[in-house]
Every structure is written in structure tokens, then in C-alpha cells.
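# Residue-level structure breakdown
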Amino acid sequence: STNSFLKSTLLLKRVWDLGSQTAFELSSQDGAIATPSLTELAAPLRFYAGGVGTVRGYAYLSLSPINSEDTLIGGKYLVTGSATFKRHLYHSFSGLIFYDIGDVTNSLGQLDLLQGAGVGLSFKTAVGPIQFYISHPVQTPGNWQFDLSVGEAL
């Protein structure tokens, strides 16, 4: 490639044990790309959000700046945050309630933090949790999203 760029991401996570097999987790994933021309950078190297690990309630990688043809083109900045309440239910099953917020943009001044909320069910296995989520965007309720996650999130 003849393109030069610097891409940085930061993942922060804090879990509080609330006793009686209950926990509360806050997490944030943020990133930025420094490049002379974002449009010259391959699309998979740009930021996208939506779905498990970013903003549940929105389709996988559906949050991104768009071009004049309404095509997702990826962005220069990623900002996401999540709050999750988890409670053990029975044997290897736990229930989750979560609220996510985030966006991808090419200008921090145009950041429009979209919100998603929902519930989930987690089944603990030897290879990590299998988690099923039901969520929806807070700003446009009614568009339900169903997601499945297998293994630990890194």
C-alpha cells in the first residue's frame, strides 16, 4: 500500500462485583485514524459501529458516515460506551440488561451519539459465554435487533 496512516483504539472496561452473583460493568471503546486522505484508506481499515461489542440495537457495522450514494464509507473517529447489569439466574445462565451509546464520524464536532438498549441471556461454557441479545435503538423504538455472541469479547 502507498497510503500512510496511524490508527489507535482504546478499550476500557471496569466490572464491579455487587455480591449475590450480581455485577455491573462499564466499558468504552474509542479510536481515531490519522491519515492525509481517509478516502484513500481501504474501507476495512476505517471505523464502523453497530451490533455486539459497539452499539447493540443497530445492525452489525451499520453506523458510519455515508457518501452521496448513501453507501456506508467508514469513519475517522469511533466513540462507544456501554453499561451492563448482569445477574446469575440458574446453573450456567445469567440475565443481562444493557444500555449502549456511540457513533462513528469524520469530525468530532459532528458526533451524534446513538443509543441502544435491551436485554440478554448468557450461557457460560468452557470456551466462553454464549450470549443472545434483544435490543432496539432508543431514538427510533420498534426496530428490534437480535444478536448472538460466542466466546469472550476482547
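Predicted model only: the values in this text are computed from it and were never measured. (Residues numbered from 1 in each chain as written. Predicted model: local features only at pLDDT ≥ 70, side-chain atom pairs only at ≥ 80, totals over all residues. Heavy atoms only, no water.)

## Topic: the packing of aromatic side chains
Stated precisely, the cut-off is as follows: Only rings of Phe, Tyr and Trp enter the pairing, Trp through its six-membered ring, and a pair is recorded when the two centres are within 6.5 Å. The plane angle decides the type: under 30 degrees is stacked, over 60 is edge-to-face, the rest tilted. Working definition: helices are DSSP H or I runs of at least four residues, strands are E runs of at least two. Numbering for both runs from the N terminus. Using a 1.4 Å probe on the protein chains alone, a residue whose accessible area is under 20% of its type maximum counts as buried, one over 50% counts as exposed, and one in between counts as partly exposed. Either the NZ atom of lysine or the CZ atom of arginine qualifies as a charge over a ring when it sits within 6 Å of the ring centre and within 35 degrees of the ring normal.
Overall, the coordinates contain four aromatic pairs when judged by the stated rule. Considering the side-chain rings of F132 and F146, the 6.3 Å spacing of their centres and the 20° angle between planes classify their relative orientation as stacked. With F132 in strand β6 (residues 128–137) and F146 in strand β7 (residues 145–150), the pair connects residues that are 14 residues apart, well separated along the chain. When its relative accessible area of 38% is taken as the criterion, F132 is described as partly exposed. For F146, a relative accessible area of 53% corresponds to the exposed category. Seen from the ring of F98, R56 lies directly overhead, with NZ or CZ sitting 3.7 Å from the centre. If you follow R56 out to its NZ or CZ, it ends over the ring of Y133, 4.8 Å from the centre.

## A look at the pattern of salt bridges
Filter applied, for reference: Any Lys or Arg side-chain nitrogen found within 4 Å of a carboxyl oxygen on Asp or Glu counts as a salt bridge.
Under the definition given, this model contains two salt bridges. For E25, the salt bridge identified is with K13, shortest N-O distance 4.0 Å. In this pair, E25 sits in strand β2 (residues 22–34) while K13 sits in strand β1 (residues 6–19), placing the two residues 12 residues apart along the sequence. Residue classification places K13 among the partly exposed positions, given a relative accessible area of 47%. A salt bridge links D100 to R56, with the shortest nitrogen-to-oxygen separation between them at 2.7 Å. Highlighted residues: D100 in strand β4 (residues 93–105) and R56 in the loop between β2 and β3 (77–90), separated in sequence by 44 residues. Taking relative accessible area as the criterion, R56 reaches 7% and is therefore assigned buried.

## Quick word on the sheet that holds strand β5 (residues 114–125)
Stated precisely, the cut-off is as follows: A pair of strands is treated as paired once DSSP finds two or more bridges between them. Fitted lines through C-alpha atoms serve as axes, helices being fitted only where they are in contact, and the angles separating the N-to-C directions of these axes extend from 0 to 180 degrees.
Across the sheet, which stays open at both edges, the seven strands sit in the order β1-β2-β3-β4-β5-β6-β7 with antiparallel pairing between neighbours. One side of each edge strand has no neighbouring strand; the edge strands of this open sheet are β1 and β7. Sheet twist, expressed as the average angle between the axes of neighbouring strands with direction ignored, equals 20°. Here six bridges tie β6 to β7, and the two strands are oriented antiparallel to one another. Within β7, the residue paired with F132 across the bridge is L148.

## What to know about the environment of T71
Our working rule: Note on definitions: a residue-residue contact is assigned when non-hydrogen atoms from the two residues lie within 4.5 Å.
Positionally, T71 belongs in the loop between β2 and β3. Look at T71 and you get partly exposed, because its relative accessible area is 40%. Spatially, the C-alpha atoms of T71 and L111 are 19 Å apart, while their sequence positions differ by 40 residues. Look past the residues within four positions of T71 in its chain and what remains in contact with it is P65 and I66.

## What to know about the nonpolar core
For clarity, the threshold we go by: Grouping buried Ala, Val, Leu, Ile, Met, Phe, Trp, Tyr and Cys residues that are joined through side-chain atoms within 4.5 Å yields what is termed a nonpolar core.
Counting residues in each nonpolar core, the largest one holds 11 residues, listed as I33, L38, L41, F47, A49, V55, Y58, L63, L78, V104 and L114. Every residue in contact with L41, bar those within four places of it in the chain, is listed here: N3, F5, I33 and R46.

## A few points about a nonpolar patch on the surface
Put simply, the rule is: Each patch is assembled from residues with relative accessible area greater than 30% and no salt bridge, linking like charges that lie within 9 Å and nonpolar side chains (Val, Leu, Ile, Met, Phe, Trp, Tyr) that lie within 5 Å. Surface accessibility follows the Shrake-Rupley procedure with a 1.4 Å probe radius. Residue values consider only the protein chains on display as shielding.
Nonpolar side chains collect at one region of the surface, where L89, Y90, F93, L121, F123, I130, F132, W144, F146, L148 and V150 lie side by side and expose about 1,100 Å² of accessible area between them. Of all the secondary structure elements, the ones that give two or more residues to the nonpolar patch are β3, β5, β6 and β7. In terms of residue count, β7 provides more of the nonpolar patch than any other element does, three residues in total. Relative to the helices and strands, L89 is located in strand β3.

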